[in-house]
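Chain by chain, the residues run as shown.
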Amino acid sequence: MRAAPILLSLLLTASALLYGCQSKPENETGTSNDRLTIYTTVYPLEDFTKKIGGDLVEVKSIYPPGAEAHTFEPTTKTIEQIAGADAFLYIGHGMEPFAEKLKETLKNEPVRFLAAAGGIDLLESSHEEHGEEHGEEHEHNAEEGGGGEHNHGDKDPHVWLDPIRSITIAEQIRDLLIELKPEQKEMFTKNFNTLKAKLEALDQTFQQTVQSAPKKDILVAHAAYGYWEERYGLRQRSVSGLSPTNEPSQKELAALIDWAKRHHIRYVLFERNIPAKTAEMVQHEIGAKALYLHNLETLTDEDRNQHRDYFDLMEENIETIQQALR
Ligand SMILES: [Zn+2]
C-alpha cells in the first residue's frame, strides 16, 4: 500500500516528513517482482543504471522531458516516489540544488542516496567572468549547515560529458547495485565492463575528431563543455555561465562578440532544452549559423521516442563538434 498522510514542508522550512507506514509502494508496473526501483537526476545516470542493471532494475529520471536541470525542484509526488524507491542517484556537488536537503529529509526512509560523482574532483571553470555567480540559485549543501544559499564556487558539474570520468560514475552505480543485490554481482560486473569498453571507445573517437580538426574554438550558449576542453583540447567560449541563468553583462557581451569576429566563428552551439535569447542575439550579431549540442542533462520527448541513449547523443555531439571546427 502507498504510504499514507505525508506532511511536507520541504524546501520552505526545515522540513518534516511523517509516514503513516513505511511499506514500500509497488513498482511502476504494479507487478510484484523483485526488481530494484531507482530514481535518477541527469540522463546518463538513468542510462548507465539501465545498462548495468538490465532487467533487474526499474529506472526513471525525476526530470520531466526537456527540464532545466540546474533549477529543477521536485514535486511532493516525486518526493514520495523517491522515498519509496530502493535508491536515488544524483551527481552531487550542488548540480541538483535540492538533493542534499532531500537526503536529510528522507534519512529515516530505506531509500539509498548516492551522489554518483561525489568522489570525482570537478574541474574549475575557466570562465571566471561568469563562474562567480554560478551558485546563486543553488541551495546550501548539508555539510555547510544552516539555511540560506551558498556559492559553491566555479566548479563545473557537467562531468558526465567526459567519457572517462563517466567510467567512475558507472563504477559507483555498479557497486551500489551489487550492494542492493549481491547475488547478481556477476551480471552487474559483466554489464559494467561492456559499458566501460564503450566509454573508452567513445573517448578515442572524440580524441581523434578534435585532433584532426583545423580549429579548436567553439562558441556555446551555456558553459557545459569544460570537460571537453580539458580532455580533448577544445576551447569553449560561452554566452551564459555554468548555469544557463548566469547572463553576461553588456561589457562581457561586447568582448565575446569581438572575440567571435576575430576568430571567424561561424557557428553558435545551442541546446534544445535551454532557451538562449542572448546567444541568439550574439549569433545574429556575428552572422553565424546555429548548431545544437546535447548536454544530456534531460531528454526531450523526441529523444525518448527515438530511443536515443548516451552513446547516440554523444556521437551526435561529436559530429556537431566536427562541423563547428571546420
Ligand atoms: Zn548545465
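The coordinates are above.
So, how was this worked out
Residues numbered from 1 in each chain as written. Predicted model: local features only at pLDDT ≥ 70, side-chain atom pairs only at ≥ 80, totals over all residues. Heavy atoms only, no water. Helix = DSSP H or I, 4+ residues; strand = E, 2+ residues; numbered from the N terminus. Buried < 20%, exposed > 50% of the residue type's maximum accessible area, 1.4 Å probe, protein only. Contact = heavy atoms within 4.5 Å. Expected span 1.5 Å × (residues − 1). Salt bridge = Lys/Arg side-chain N within 4 Å of Asp/Glu carboxyl O. Axes fitted to C-alpha atoms, helices over the stretch in contact; angles between N-to-C directions. Parallel < 35°, antiparallel > 145°, perpendicular 65-115°, else oblique. Nonpolar A, V, L, I, M, F, W, Y, C, P; charged D, E, K, R; others polar. Core = buried A, V, L, I, M, F, W, Y, C linked by side-chain atoms within 4.5 Å. Pairing = 2+ DSSP bridges.

Participant: Pulling in residues and values, what's your account of the overall build of the protein?
Facilitator: The secondary structure content of the protein amounts to 11 helices and 10 strands. Out of the 326 residues belonging to the protein, those deemed buried represent 54%. Relative to all contacts within the protein whose residues are 6 or more apart in sequence, the contacts with residues 24 or more apart total 66%.

Participant: Please provide a residue-by-residue account of helix 6 (residues 185–211), values included.
Facilitator: Here helix 6 contains 27 residues, and its C-alpha end-to-end distance of 39 Å stays within 8% of the 39 Å for a straight helix at 1.5 Å per residue. Turning to helix 6, its buried residues are Phe188, Asn191, Phe192, Leu195, Leu199, Leu202, Asp203, Phe206, Thr209 and Val210. Tucked into the core, helix 6 has its buried residues touching helix 1 (43–53), helix 5 (163–180), helix 7 (226–232) and helix 11 (310–324).

Participant: Can you explain the pattern of salt bridges? Please cite residues and give values.
Facilitator: Scanning the entire structure with this criterion turns up 18 salt bridges. Here aspartate 162 and arginine 231 are joined by a salt bridge, their closest N and O atoms 2.6 Å apart. Taken as a pair, aspartate 162 in the loop between strand 6 (155–156) and helix 5 and arginine 231 in helix 7 lie far apart in primary sequence, 69 residues in all. Overall, aspartate 162 belongs to the buried group, its relative accessible area being 0%. With its nearest N and O atoms 3.9 Å apart, the salt bridge here joins glutamate 285 to lysine 261.

Participant: Quick rundown of the packing of helix 5 against helix 6? Include the residues and the values.
Facilitator: At a closest axis distance of 9 Å, the pairing of helix 5 and helix 6 adopts a crossing angle of 175°. Comparing their axes, helix 6 and helix 5 come out roughly antiparallel. The segment helix 5 lies against helix 6, with Pro163, Ile164, Ser166, Ile167, Ala170, Glu171, Arg174, Leu177 and Ile178 engaging Lys185, Phe188, Thr189, Phe192, Leu195, Lys196, Leu199, Glu200, Leu202 and Asp203. For the contact of helix 5 with helix 6, the class distribution of residues is 11 nonpolar, two polar and six charged.

Participant: Break down the nonpolar core for me, citing the residues and quoting the values.
Facilitator: Among the nonpolar cores identified, the biggest contains 78 residues, and Ile82, Phe88, Ile91, Val159, Ile169, Trp228 and Ile321 are the most heavily contacted of them. Counting residues in each nonpolar core, the second largest holds 16 residues, with Leu253, Trp259, Ala260 and Ala288 among its members.

Participant: Go over the sheet that holds strand 2 (residues 57–61) with me, naming the residues and quoting the values.
Facilitator: Strands sit in the order 2-1-3-4 across an open sheet of four strands; the sheet is parallel. This sheet does not close on itself; its edge strands, each paired only once, are strand 2 and strand 4 (112–115). With strand direction ignored, the average angle separating the axes of adjacent strands in the sheet is 20°. Both strand 1 (residues 36–40) and strand 3 (residues 87–90) contribute to a ladder of three bridges, which runs parallel. Bridging from a neighbouring strand, isoleucine 38 pairs with alanine 87 of strand 3. The strands touched by helix 1 within the sheet are strand 1, strand 2 and strand 3, with strand 2 carrying the most contacts at an inclination of about 170°.

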